[in-house]
Amino acid sequence: ELGHMRGAYKIAEAYHDDIFSQDGFSFDPTTAKHFITTAATSSNSVLLVAITNDEEGEVVIGDAMGSIAPYILDNSVQMAILSSWFVVEKYRASGAGIKLLRAFESWAVSHGANWIIAGCTTMFEPDRIKTLYERMGYKPFDFSMIKEV
């Protein structure tokens, strides 16, 4: 739905402002719109949005985006990758994040996923998110680092 896409663009900007702007990452609206549009329209990816009604009317308060692909070492294994999962700060205790994650899991299973990979940037309450993931059945799998070059 077009209104939800506009809301998802705003969420992408809020995600950037909340997490990445402090480390000098710039926000490119054109790239964000392309990424979101691709997630919403590709058969192997998904864009899910959390919506609430408040004094402004219907508002997008969070999103989850991800994709599914064969595992690089075994084509019989389908890996779903949660590439973005964000809820606007004032709604973080509302349950919207858990609903988004559960909806992503359902989408992944319905598209043949054997595994889901979900991560968290260390810029945003990693211990809290790790605990939440573990409560929902996830276990540590990978370790990533980033370096500007």
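Residues numbered from 1 in each chain as written. Predicted model: local features only at pLDDT ≥ 70, side-chain atom pairs only at ≥ 80, totals over all residues. Heavy atoms only, no water.

### A few points about the environment of Thr-37
Part 1: Inspection of the secondary structure assignment puts Thr-37 in helix 2 (residues 29-41).
Part 2: Expressed as a C-alpha distance, the spacing of Thr-37 and Leu-47, which sit 10 residues apart in the sequence, is 8.4 Å. (Helix = DSSP H or I, 4+ residues; strand = E, 2+ residues; numbered from the N terminus.)

### Some remarks on the confidence of the model for the chain
Part 1: In the predicted model, the chain carries a mean pLDDT of 80, and the fraction of residues at 70 or more is 77%.
Part 2: The weakest mean pLDDT in the chain belongs to helix 1 (residues 2-20) at 60; the strongest belongs to helix 3 (residues 96-110) at 94. (pLDDT = per-residue confidence, 0-100.)

### Topic: the nonpolar core
Part 1: Ranked by size, the top nonpolar core spans 24 residues in total, and within it Leu-82, Trp-85, Leu-100, Leu-101, Phe-104 and Tyr-133 carry the most contacts.
Part 2: Looking at this core, the elements that each hand over two or more residues are strand 1 (45-54), strand 2 (57-71), strand 3 (74-87), helix 3 and helix 4 (126-135).
Part 3: Broken down by element, this core gets its largest block of residues, six residues, from helix 3.
Part 4: Apart from the residues within four sequence positions on either side, Phe-104 is in contact with Val-46, Leu-48, Met-65, Gly-66, Ser-67, Ala-80, Ile-81, Leu-82 and Ile-116. (Core = buried A, V, L, I, M, F, W, Y, C linked by side-chain atoms within 4.5 Å. Buried < 20%, exposed > 50% of the residue type's maximum accessible area, 1.4 Å probe, protein only. Contact = heavy atoms within 4.5 Å.)

### Quick look at helix 4
Part 1: Every buried residue belonging to helix 4 is among Ile-129, Leu-132 and Tyr-133, and all of these are buried. Angular distribution of buried residues about the axis of helix 4 spans 100°; they occupy a single face of the element. Exposed residues pointing more than 90 degrees away from the buried face of helix 4 are listed as Asp-127 and Arg-135.
Part 2: Of the surrounding elements, those touching the buried residues of helix 4 are strand 3, helix 3 and strand 4 (115-118).
Part 3: At the C-terminal side of helix 4, Gly-137 shows a positive phi close to 100°. (Arc of directions from axis to C-beta.)

### Quick word on the environment of Ala-80
Part 1: If you trace the backbone, Ala-80 turns up in strand 3.
Part 2: Sequence separation of Ala-80 and Trp-115 is 35 residues, and the distance between their C-alpha atoms is 6.2 Å.
Part 3: The residues contacting Ala-80, other than those within four sequence positions of it, are Ser-67, Ile-68, Phe-104, Ala-108, Ala-113, Trp-115, Ile-116 and Ile-117.

### So, the sheet that holds strand 1
Part 1: Ordered by their spatial adjacency, four strands build an open sheet running 1-2-3-4, and the pairing between neighbours is mixed. At either end of the open sheet lies a strand with only one pairing partner, and these are strand 1 and strand 4. Within this sheet the neighbouring strands show an average axis-to-axis angle of 25°, counted without direction.
Part 2: Taken together, the 10 bridges between strand 1 and strand 2 define a ladder with antiparallel strand orientation. (Pairing = 2+ DSSP bridges. Axes fitted to C-alpha atoms, helices over the stretch in contact; angles between N-to-C directions.)

### Concerning the packing of aromatic side chains
Two numbers describe a pair of aromatic rings. These are the distance of the centres and the angle of the planes.
Part 1: Across all of its chains, the model carries three aromatic pairs by this definition.
Part 2: Ring geometry for Tyr-133 against Tyr-138: centres 5.2 Å apart, planes inclined by 55°, an arrangement best described as tilted.
Part 3: When its relative accessible area of 6% is taken as the criterion, Tyr-133 is described as buried.
Part 4: Tyr-138 sits in the buried class, given a relative accessible area of 16%.
Part 5: Connected via pairs of aromatic rings, a cluster forms that spans Trp-85, Tyr-133 and Tyr-138. (Phe/Tyr/Trp six-rings, centres within 6.5 Å; stacked < 30°, edge-to-face > 60°.)

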